[in-house]
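The primary structure of each chain is shown beneath.
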Amino acid sequence: MAEVSTEERAAFHEMTSGTATDWQRIGASFAPFAKALPDRMLEHLRALGGDYGGYAIDRFHHSLQTATRAHRDGRDEEYVVCALLHDIGDLLGPYNHADIAASMLKPFISEKNHWMLEHHGIFQGYYFFHYLGLDRNMRDRFRDHEWYAYTLEFCDKYDQNSFDPEYDTLPLETFEPMVRRVLATPKRSIYLAEA
Ligand SMILES: [Fe+2]
Ligand SMILES: [Fe+2]
């Protein structure tokens with residue numbers, strides 16, 4: 001990241017002495033920083049490459065394959081981007097990876113897709129929790145939830161089956177413009193007046 005001169009930076013060392021000028025300067029650097037969010041997300045997604053975690057394909061290609069299946073099944077752009085980024089928390093959140101994708105995408109996606117991302121880890125557990133001594137039906141606690149079937153479908157159709165090295169997976173370039181469009185405008189944030 002480029003060095004910024006002191007004239008472009010806030011003068012305060014404690015927020016209690018902050019001024020309007022300070023916050024104009026901070027505000028001015030936020031816009032380009034926020035605009036580059038898709039680049040940072042894509043860079044982190046690429047960082048999943050080469051990390052197999054014991055699976056037949058690495059986490060980056062699992063992500064691409066999940067998005068490819070959703071895209072080929074005619075899902076809308078926001079859904080495909082959720083599919084692409086659903087495991088982006090794998091590196092930094094080994095004990096709660098689903099929370100990370102859900103939190104990162106929360107400002108940009110519907111509550112329904114956010115719920116799906118947040119809970120996909122438990123729903124995906126249906127396919128393997130019993131091998132770990134856990135209850136594969138843990139997802140049943142959400143059986144009456146309005147988005148239970150929606151989340152179950154994500155795992156069933158796109159996630160649990162995306163470990164196939166022979167599948168014709170689309171490259172990241174196919175999804176990049178979608179990521180940029182979905183992340184272009186936040187809908188929910190404490191920094192937005194209407195939130
Ligand atoms: Fe996952
Ligand atoms: Fe996954």
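Procedures and definitions
- Residues numbered from 1 in each chain as written.
- Chains lettered and ligands numbered in written order.
- Predicted model: local features only at pLDDT ≥ 70, side-chain atom pairs only at ≥ 80, totals over all residues.
- Heavy atoms only, no water.
- Helix = DSSP H or I, 4+ residues; strand = E, 2+ residues; numbered from the N terminus.
- Buried < 20%, exposed > 50% of the residue type's maximum accessible area, 1.4 Å probe, protein only.
- Contact = heavy atoms within 4.5 Å.
- Areas by Shrake-Rupley, 256 points an atom, 1.4 Å probe, with all protein chains shown as cover.
- Lys, Arg positive; Asp, Glu negative; His and termini not counted.
- Charge placed at Lys NZ, Arg CZ, Asp CG, Glu CD.
- Donors = N, O, S within 2.8 Å, 3.2 Å for Na, K, Ca; no water.
- Polar contact = N/O pair within 3.5 Å; in protein donor to acceptor, adjacent residues only side chain to side chain.
- Tetrahedral: all angles 85-135°; square planar, octahedral: opposite > 155°, others 65-115°.

S.K.: Give me the overall build of the protein chain: which residues, what numbers.
M.R.: Scanning the protein chain from N- to C-terminus turns up eight helices and zero strands. Helices and strands in the protein chain line up, N terminus first, as α-α-α-α-α-α-α-α. In terms of overall dimensions, the protein chain has a C-alpha envelope of 55 × 35 × 30 Å along the principal axes. Put simply, the protein chain has 195 residues, and 37% of those count as buried. Partitioning the contacts of the protein chain with sequence separation of at least 6, the portion at a separation of at least 24 is 64%. Surface accessibility of the protein chain: about 11400 Å² in total, with carbon and sulfur atoms responsible for 55%. A distance of 3 Å separates the average location of the 20 positive side-chain charges in the protein chain from that of its 31 negative side-chain charges.

S.K.: Describe the coordination of the iron ion (ligand 1), listing the residues and the values that go with them.
M.R.: Every protein donor of the iron ion (ligand 1) is accounted for by Asp87 (OD), His97 (NE2) and His120 (NE2), and the metal-donor separations fall at 2.0 to 2.2 Å. Within one chain, the residues serving as donors to the iron ion (ligand 1) are arranged as D-x9-H-x22-H. In this structure the iron ion (ligand 2) is found 3.6 Å away from the iron ion (ligand 1), and Asp87 serves as a bridging donor for the pair. Pair noted here: His97 is in helix α5 (residues 97-105) and His120 is in helix α6 (residues 111-124), with a separation of 23 residues, a long-range link. Accessibility expressed as a relative area gives 1% for His120, which makes it buried.

S.K.: Lay out the environment of Phe128 with the relevant residues and their values.
M.R.: Following the sequence through the fold, Phe128 ends up in the loop between α6 and α7 (148-159). Assessed through its relative accessible area of 33%, Phe128 is described here as partly exposed. With 32 residues separating them in the primary sequence, Phe128 and Gln160 have C-alpha atoms 9.8 Å apart.

S.K.: Can you tell me about helix α4 (residues 77-85), naming the residues and giving the values?
M.R.: Side chains of residues three or four places apart in an α-helix project in the same direction, reflecting 3.6 residues per turn. With eight of nine residues buried, α4 lies mostly within the body of the structure. For α4, every residue scored as buried is listed here: Glu78, Tyr79, Val80, Val81, Cys82, Ala83, Leu84 and Leu85. By the N-cap criterion, in which a side-chain oxygen at the helix start approaches the backbone nitrogen of a residue two or three places on, α4 is capped by Asp76, the distance to Glu78 being 3.3 Å.

S.K.: Any details on the coordination of the iron ion (ligand 2)? Residues and values, ideally.
M.R.: Surrounding the iron ion (ligand 2) are the protein donor atoms His62 (NE2), His86 (NE2), Asp87 (OD) and Asp159 (OD), which sit 2.1 to 2.2 Å from the metal. Considering all four donor atoms around the iron ion (ligand 2), angles at the metal cover 81 to 169° and the coordination shape is irregular. When the donors of the iron ion (ligand 2) are listed by position in the chain, the intervening gaps give H-x23-H-D-x71-D. When its relative accessible area of 7% is taken as the criterion, Asp87 is described as buried. A residue is classified by how much of its surface remains accessible, and Asp159, at 1% relative accessible area, is buried.

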